[in-house]
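Residues per chain are reported as follows:
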Amino acid sequence: MRNEIINGRPTVQGLSIIDFHLHFRMPHDRLARSLAGGQFGPGDAGVRSGCEEFEAGQTARSAAVASTSAQWRKSWDFADPEPMSADAGWEEEADRWTRELDHHSIEHAAFVTACGNDAMTALVERGAGRFLGMAAMADPFAPGAARDFETAVTSGGLRGLKMFAPLASSRLDDPAADPVWEVASRHKVPVLIHFGHCGSAGGIAQNAYSNPATLERAAKMYPEVTFVIPHFGIQHVQEVLFLMWACPNVLVDTSGSNQWVRYMAQRLTLEDLFRRFYETMGPDRIVFGSDSSWFPRGFARRYLVDQLRICWEMGMPPRELQQIFGGNAARLLKLDNWRPASTDVASDSDLDGRTKR
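Residues numbered from 1 in each chain as written. Predicted model: local features only at pLDDT ≥ 70, side-chain atom pairs only at ≥ 80, totals over all residues. Heavy atoms only, no water.

This brings us to the layout of surface pockets. Volume-wise, the largest pocket comes out at about 960 Å³. Taken together, 43 residues make up the lining of the largest pocket; nearest its centre are His197, Gly199, Ser200, Ala201 and Gln259. For the lining of the largest pocket, the secondary-structure elements that each account for two or more residues are strand E3 (18-23), helix H2 (52-75) and strand E7 (161-164). Across the lining of the largest pocket, the residue classes tally to 18 nonpolar, 21 polar and 4 charged. (1 Å grid on protein atoms, 1.4 Å probe; cavity = no way out; pocket = protein on both sides within 12 Å on 5 of 7 lines; lining within 4 Å. Points joined across faces, edges and corners; volume = space filled by probe spheres on them. Helix = DSSP H or I, 4+ residues; strand = E, 2+ residues; numbered from the N terminus. Nonpolar A, V, L, I, M, F, W, Y, C, P; charged D, E, K, R; others polar.)

This next bit is on the sheet that holds strand E9 (residues 227-229). The 6 strands are arranged E6-E7-E8-E9-E10-E11 in an open sheet whose pairing can be described as parallel. Looking at the sheet topology across the chains shown, the edges are occupied by strand E6 (135-137) and strand E11 (286-287). When E6 meets E7, the two strands line up parallel, connected through 3 bridges. In the sheet register, Ala136 faces E7, and the bridge partner there is Lys162. (Pairing = 2+ DSSP bridges.)

In spatial order, the strands read E3-E4-E5; together these 3 strands make up an open sheet with parallel pairing. Here the strands that pair on one side only, and so sit at the sheet edges, are E3 and strand E5 (131-133). On average, each strand axis in the sheet is tilted by 30 degrees relative to the strand beside it, whichever way the strands run. The strands touched by helix H3 (residues 90-104) are E3, strand E4 (108-113) and E5; relative to E5, the strand with the most contacts, the crossing angle is about 120 degrees. Along the sheet, helix H4 (residues 117-127) makes contact with E4 and E5, crossing E5 at roughly 160 degrees. (Axes fitted to C-alpha atoms, helices over the stretch in contact; angles between N-to-C directions. Contact = heavy atoms within 4.5 Å.)

Counting through the fold element by element, Thr151 comes out in helix H5 (residues 145-154). Residues Thr151 and Ala135 lie 16 residues apart in sequence; the distance between their C-alpha atoms is 9.4 Å.

Written as structure tokens, this is what we have:
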């Protein structure tokens, strides 16, 4: 990949890259691990633990999903995750991420999970300006959810909220979630909500809370809050497109392999997704993310390369690529005075210092 230093800053193909979506210590994070299917081995056995028939079935299931995950890694030429026994501690892993960003010329990385909000604050501090962090929660309806979110922002310096809708205890159009949205409104931070299937093989396929259409009430009631739906909405592409048509404060991120397109009934490719969202919503509502997580894979460079190639081949102007691959994340995460390293790809608002929604 063409990595260059421009005005003393790292760039890729002349663009300043900000990754909006990474996970820290995912194999160690109970929240993230619960969604991972077979990627890091079998999860919790559940309420039937101890039942002989269940244990036999669970053993077979675990082997099957682990095999599917291994085949996926092989097809993408990704190494297997390092065993938990090889863990050298969170500080070493944080420093390893700094080296990864340097190696791949990534200017900033926004981590969305990190084994809890306090751990995320510590990670951001260790990153010395390279790392950005979001608070994370399993259930916005849990007692104290809004309070904990606000503390993470005001005391912990975190810049947004990451949620997994399939883990919630009610639909997101339930008014009981309003206190969480109000925190985001008060502090002008984005909310990143995963809808659709979760994790690798063996994860959550769908449930009563996984459809992004349920976000319409909150997005319209809190138009000042930016809601971001990762992975182009996964199997709910249609619902996401209409939600974005109805709610200009809803965006998508591009993170992950997006291999879910293989399971759609109609033919769909990553290029199709970029074209559809770019043509209907424009570059200001698409945010690059990699969904990088485990080592030794580290930063998923393959995802960045594929997405850049698609955007260049679509004929996007360089300034619009810069918005997708850095500018939009900088705006959402309030990187004050951030501008691209190259003035050739800076937007008008970058050049004159103005900010826009």
